[in-house]
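# Chain and residue survey
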Amino acid sequence: MPSYCEVALPVPLDHTFTYGVGQGQSPQCGARVIVPFRNEKLIGVVTALAAKAPPDFEVRYLEAVLDEEPLLSAHLLELGEWAAQYYLAPLGEVLRTMLPLAAEVRRTVYYRITDLGRDVLATAMEGDAGGFGSCAKKTNAGPSTRPLRGLAQDDMQSFTDQDDSIEKIRDERPRNILAGRRKGKLSREAQDMERRVLERLGSGEPVKVSTLRTATAAPLPLLAAMLRKKWIARETAAAERDARRMERFAVLIPDTRLPSLTEKQQAILAELAACDGELPLAELRRRDLPSSTLQTLVRRELVRIEERPELFRLGGLPPTAAPFSLNAAQTDALTAVTSALGAFRPFLLYGITGSGKTAVYLAAMQKALDRGLSSILLVPEIGLTPQTAGLLDAAFGQKVALLHSALTPEERSEQWRRIRRGEAPIIVGTRSAIFAPAPNLGLILVYEEHDQSYKQEETPRYNARDVAVMRAKLAGAVVVMGSATPSLESWHNAERGKYTCIELRDRVMNRPLPEVELVDMRREFQEAGKDELFSRALIAQTKAALERGEQALILLNRRGYSFAVMCRACGEKLDCQNCAIALTHHKAASEDLAEVRAGQRLECHYCGYRRTVPTRCPKCDSEHLFYLGAGSQQGEERLQEIFPGARIGRMDRDTVRGRGDLERLLARLHLGEINLLVGTQMIAKGHDIHSVTLVGVVGCDHSLSMPDFRAAERVFQLMTQVSGRAGRGELPGRVVVQTYYPDHYAILAATTHDYKAFAERELKYRRWMHYPPFGVLANVLVQSQKMEEAAGWAALLAKSLVQNQNSGGVRVLGPCTAPIARIKNVYRFHMILKSASRKALNAALRGMLAKADEAGIPRRNLIVDVDALRLM
Ligand code: ADP
Ligand code: ZN
Ligand code: ZN
């Protein structure tokens, strides 16, 4: 019987924690436990068992063991350990990502007054004349417990943060009452609030955060500030809860009596009888049948109410296409994949847009299912198109599980459980679905494998495509990465035989790829004599398509109205107050009354900061402000002017907030209610709309001028993907690309749909520059609210890395200020590490983290991004 165990906790520290096993507890590796950690109760996962405690171990015991059996299989635990190692992420944070079970634990946050808080309160009571703020100054003496190094209170999160916790504090915008906090002065109002909080907590009993806030009206940032001053302490309790979603049904009770009934009562009984005697209550409500009448029927014992676990429905758009059988190329692809089932084997499915990859995926999943194997289909963040969902629903129905960030915590935990129980062997989801607990995993499919959204841009910064390969290896499964524009990493792997390449060279039914016309926007300006957003060629083609009754998509890859506001008098650019980035101008949406009243706004796309549009330059007071660059909102407005008769829709993150929005917009496009759709890259993703014959590309090439070695790849992918939306039906398609770089190889290759030419050229350049896939790379960001501190730390770490270079072959570029030098008031410095060897890179980063620890640099101020995609 082990007396100790190692527990991985979701805190930003790179090690596990030892706990004593109590009487009657029998934790197993891979099971969740609740443990005390500072003032919190955290949920962790047991990673090892031991009979002996480590030296100088101060024993703390497990509070509860949540799972009798391991929740994570040995191979998933191994995968988690691999990811933690590879991405230099704390294991606990990786495991938190792997277990989306927040809904199963109820977490309550309490606040308690500290000794320091009591002193403050007493002082305030005595010398009331001095005011509450004045006593704040003398109370700097720290509390007895020294915080763990590298771990601030704000980092405390668990697998379960979902209520009034830190996340919300971060999100809540600074309130006015906290204005001036940085200078140490608080508004009178805030001081009063602080006092009320201390008084409410005065008895010493912990008070629930919700109770405290109701009693004192204190906002979360104020509590967070008091927490930092150590006047109050925060505690959490965790307890299990039932997260199953239940659905209530009205069930007809068969009866031979013929009671007299009102009209409404008869209506309900008739509805139920028409639907096999039962209907969900929600459905009755939708049919406008009053619940009071239902209650009467229940009382009269004609109907009973039953509660059952809610069934999961994938939904989507019902398939419209006539059934077809796979063509020869698709059949070959399918055979290659299915004959490899049963062992690890990676494939790259390189198939041009419209070559019918989806049908191959579906057929492969069916074959796996026939052999009792489960499959995971990974889709990009906005990649599960309603059509694909509809196809999966039609083919697999209740066997499908969905794991997606738009699900509620309850839905997510329910899906996870269904998968684990083996009820849903067809798993579809965005990146974290790669960790789905699928029993008997036989097949992993990565849809549009080049998509950037497979990379998580927060800890753990994994790339689901790469994790997929490791998962397949551990599970002995086949993995298929598919795309019309494979990432250069995958292409290179296919070229050197690490992946087997399967090619779909033609579009289905031998439909032609669309013809692409390039418009040189420099010439356009000279010839047209003015700077217009849309070229004459694009306008003419759009007009023609609309007149023929066809549909057009126009890509304008920035949201908002204008990207920047500048002053003509002094040249000042209006930046976000928290970030070193220009504010985007958004016009008021006419539907939204509040917005109209507030008028238009400027918004920061990094931190969400918003302000009204000034009429004068904040720096020189000149009236001559002008707006620069056109976003999708302006595109829509211009198109409305040019084509007053067109039915225009817009697809971007301002119009598509949830999955429902995307579905509605696409449904309208399918039905022809929209015939001209303008939008950001969202319109490029996987949509298959047969009457789209024209695609316009407006400004997707700005990034070619930026210092980012992946810019060309990204522009090529976006152009090819969006072009691929044209001419997928019977009618041929056409693409008009407006560009300022008509001679750039990425643009030229996209024009001829020539992936191979692009890849060859790009790989040459990458090889020459030692960029991935020829060598590996990590981006290290060092951040602090104090610029000198961030700069100093970055310099120190870079120096240690360079001195350590005898460890072998790691080049350090930088440190320098990051391309976005400040985000959310945090200054950012970065350096890029390059190496020919993954092992050397990993070792160098590990050495750097050790150095940071030694130098007292808090871990959360360092971001290590292995295989970084964004170097901003
Ligand atoms: P991709 O993902 O490769 O861009 P899709 O899988 O979306 O292409 O297929 C493009 C279109 O061709 C879809 O409308 C699909 O229904 C249709 N399709 C696929 N395979 C066939 C086939 N063998 N015969 C006829 N139509 C097909
Ligand atoms: Zn000015
Ligand atoms: Zn900002």
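Above this text sits the structure in question.
Residues numbered from 1 in each chain as written. Chains lettered and ligands numbered in written order. Predicted model: local features only at pLDDT ≥ 70, side-chain atom pairs only at ≥ 80, totals over all residues. Heavy atoms only, no water.

For the rest of this paragraph, the subject is the overall build of the protein. When helices and strands are tallied, the protein shows 27 helices and 33 strands. For 872 residues, the compact-globule formula gives about 29 Å, and the C-alpha radius of gyration of the protein, at 30 Å, lands near that figure. Across its three principal axes, the protein shows a C-alpha extent of roughly 90 × 85 × 60 Å. When burial is assessed residue by residue, the protein has 53% of its 872 residues classed as buried. In the protein, once contacts between residues fewer than 6 apart in sequence are set aside, the share between residues at least 24 apart is 77%. Within the structure as shown, the protein displays about 39,400 Å² of accessible surface, and the carbon and sulfur contribution to it stands at 50%. With 117 positive and 103 negative side-chain charges, the protein shows a separation of 3 Å between the mean positions of the two kinds. (Helix = DSSP H or I, 4+ residues; strand = E, 2+ residues; numbered from the N terminus. Rg over C-alpha atoms; globule rule 2.2 N^0.38 Å. Buried < 20%, exposed > 50% of the residue type's maximum accessible area, 1.4 Å probe, protein only. Contact = heavy atoms within 4.5 Å. Areas by Shrake-Rupley, 256 points an atom, 1.4 Å probe, with all protein chains shown as cover. Lys, Arg positive; Asp, Glu negative; His and termini not counted. Charge placed at Lys NZ, Arg CZ, Asp CG, Glu CD.)

This brings us to the side chain of Glu713. Considering the arrangement of structural elements, one finds Glu713 in helix H23 (residues 711-723). Side-chain polar atoms of Glu713 contact the backbone nitrogen of Leu488, separated by 3.0 Å. If we skip the residues at most four places from it in the chain, Glu713 touches Pro486, Ser487, Leu488, Phe758 and Arg766. (Polar contact = N/O pair within 3.5 Å; in protein donor to acceptor, adjacent residues only side chain to side chain.)

In this fold, Ser325 is placed in the loop between strand E11 (303-309) and helix H12 (328-340). Ser325 sits 34 residues away from Ala359 along the chain, and the two C-alpha atoms are 9.2 Å apart.

What the rule picks out here adds up to 13 aromatic pairs. Taking 6.3 Å as the distance between ring centres and 85° as the angle between the ring planes, the aromatic pair formed by Trp82 and Tyr87 counts as edge-to-face. Relative accessible area serves as the criterion here: at 3%, Tyr87 is assigned to the buried category. When the centroid spacing of 4.9 Å and the interplanar angle of 80° are considered together, the rings of Trp491 and Tyr755 count as edge-to-face. Separated by 264 residues along the polypeptide, Trp491 in helix H17 (residues 488-495) and Tyr755 in helix H25 (residues 755-769) bring together distant segments of the chain. The class of Tyr755 is buried, set by a relative accessible area of 3%. (Phe/Tyr/Trp six-rings, centres within 6.5 Å; stacked < 30°, edge-to-face > 60°.)

Moving on to the coordination of the zinc ion (ligand 2). Within the protein, Cys567 (SG), Cys570 (SG), Cys617 (SG) and Cys620 (SG) serve as the donor atoms for the zinc ion (ligand 2), at 2.3 to 2.4 Å. Its four donor atoms give the zinc ion (ligand 2) angles of 107 to 113° at the centre, a pattern that matches the tetrahedral case. Along the chain, the residues donating to the zinc ion (ligand 2) fall in the pattern C-x2-C-x46-C-x2-C. Residue Cys570 is found in the loop between strand E21 (564-567) and strand E22 (584-586), and its partner Cys620 is found in the loop between strand E24 (610-612) and strand E25 (625-628); the two are separated by 50 residues along the sequence. Classification of Cys570 as partly exposed rests on a relative accessible area of 32%. Since its relative accessible area comes to 33%, Cys620 is described here as partly exposed. (Donors = N, O, S within 2.8 Å, 3.2 Å for Na, K, Ca; no water. Tetrahedral: all angles 85-135°; square planar, octahedral: opposite > 155°, others 65-115°.)

This part is about the site of ligand 1. The environment of ligand 1 is formed by 17 residues, the closest being Gln330, Gly354, Lys357, Thr358 and Asp688. Contacts to ligand 1 include Gly354, whose backbone N or O atom sits 2.7 Å from an oxygen atom. Contacts to ligand 1 include Thr358, whose side-chain N or O atom sits 2.9 Å from an oxygen atom. Considered on its own, ligand 1 offers 560 Å² of accessible surface; in the complex 87% of this is hidden by protein. Mapping ligand 1 onto the cavity grids shows that it belongs to the second largest pocket. A class-by-class count of the residues in the shell around ligand 1 yields five nonpolar, nine polar and three charged. (Near = heavy atom within 4 Å. 1 Å grid on protein atoms, 1.4 Å probe; cavity = no way out; pocket = protein on both sides within 12 Å on 5 of 7 lines; lining within 4 Å. Sits in = over half its atoms within 2 Å of the grid points. Nonpolar A, V, L, I, M, F, W, Y, C, P; charged D, E, K, R; others polar.)

In this section: the coordination of the zinc ion (ligand 3). For a metal bound by four donors in tetrahedral geometry, the ideal donor-metal-donor angle is 109.5 degrees, whereas six donors in octahedral geometry ideally sit at 90 or 180 degrees. Bound to the zinc ion (ligand 3) are the protein donor atoms Cys576 (SG), Cys579 (SG), Cys604 (SG) and Cys607 (SG), situated 2.2 to 2.4 Å from the metal. Coordination geometry of the zinc ion (ligand 3): the four donor atoms subtend angles of 102 to 114° at the metal centre, consistent with an arrangement described as tetrahedral. Spacing between the donor residues of the zinc ion (ligand 3) along the chain follows C-x2-C-x24-C-x2-C. Classification of Cys576 as buried rests on a relative accessible area of 3%.

With that settled, consider the pairing of strand E13 (residues 374-378). Burial analysis of E13 places five of its five residues in the buried class, which makes it a mostly covered element. With burial as the criterion, each face of E13 is covered, one bearing Ser374, Ile376 and Leu378 and the other bearing Ser375 and Leu377. Sheet topology note: the E13/strand E16 (residues 441-446) ladder contains five bridges and is parallel. Bridge assignment links Ser374 to a residue of E16, and that residue is Leu441. (Pairing = 2+ DSSP bridges.)

With that settled, the discussion passes to the environment of Thr739. Topologically, Thr739 is positioned in strand E29 (residues 734-739). Since its relative accessible area comes to 0%, Thr739 is described here as buried. For the pair formed by Thr739 and Arg522, sequence separation is 217 residues and the distance between their alpha carbons is 8.3 Å. Those residues in contact with Thr739, other than ones at most four positions away along the chain, are Leu518, Val519, Asp520, Met521, Asp701 and Ile747. Separated by 2.8 Å, the side chain of Thr739 and the backbone nitrogen of Tyr741 make a polar contact.

Here we take up the sheet that holds strand E15 (residues 426-429). Strand order in this open sheet of seven strands is E14-E15-E13-E16-E17-E12-E18, and the pairing throughout is parallel. Both outer strands of the open sheet, strand E14 (400-403) and strand E18 (500-504), are each paired with one neighbouring strand and no more. Taking each pair of neighbouring strands and ignoring which way they run, the sheet shows an average axis angle of 20°. Along the sheet, helix H13 (residues 357-370) contacts strand E12 (345-351), E13, E15, E16, strand E17 (478-483) and E18; its crossing angle with E16, the most-contacted strand, is approximately 170°. (Axes fitted to C-alpha atoms, helices over the stretch in contact; angles between N-to-C directions.)

Counting 153 residues, the largest nonpolar core has Leu392, Leu443 and Leu845 as the members making the most contacts within it. Setting aside its immediate chain neighbours within four residues, Leu392 contacts Leu314, Leu362, Met365, Leu377, Leu384, Gly397, Val400, Ile426 and Val428. With 23 residues, the next largest nonpolar core counts Leu186, Ala190, Val197 and Trp231 among its residues. (Core = buried A, V, L, I, M, F, W, Y, C linked by side-chain atoms within 4.5 Å.)

Bringing empty space enclosed by the protein into the picture now. A water-sized probe, rolled over the atoms, reveals where empty space remains. Counted by the stated rule, this structure contains five cavities of 30 Å³ or more. Roughly 130 Å³ of volume is contained in the largest cavity. What lines the largest cavity is simply His450, Asp451, Gln452, Asn463, Arg465, Ser487, Glu489, Arg710, Glu713, Arg714, Gln717 and Leu869. The leading source of residues in the lining of the largest cavity is H23, at three residues. Across the lining of the largest cavity, the residue classes tally to one nonpolar, five polar and six charged. (Points joined across faces, edges and corners; volume = space filled by probe spheres on them.)

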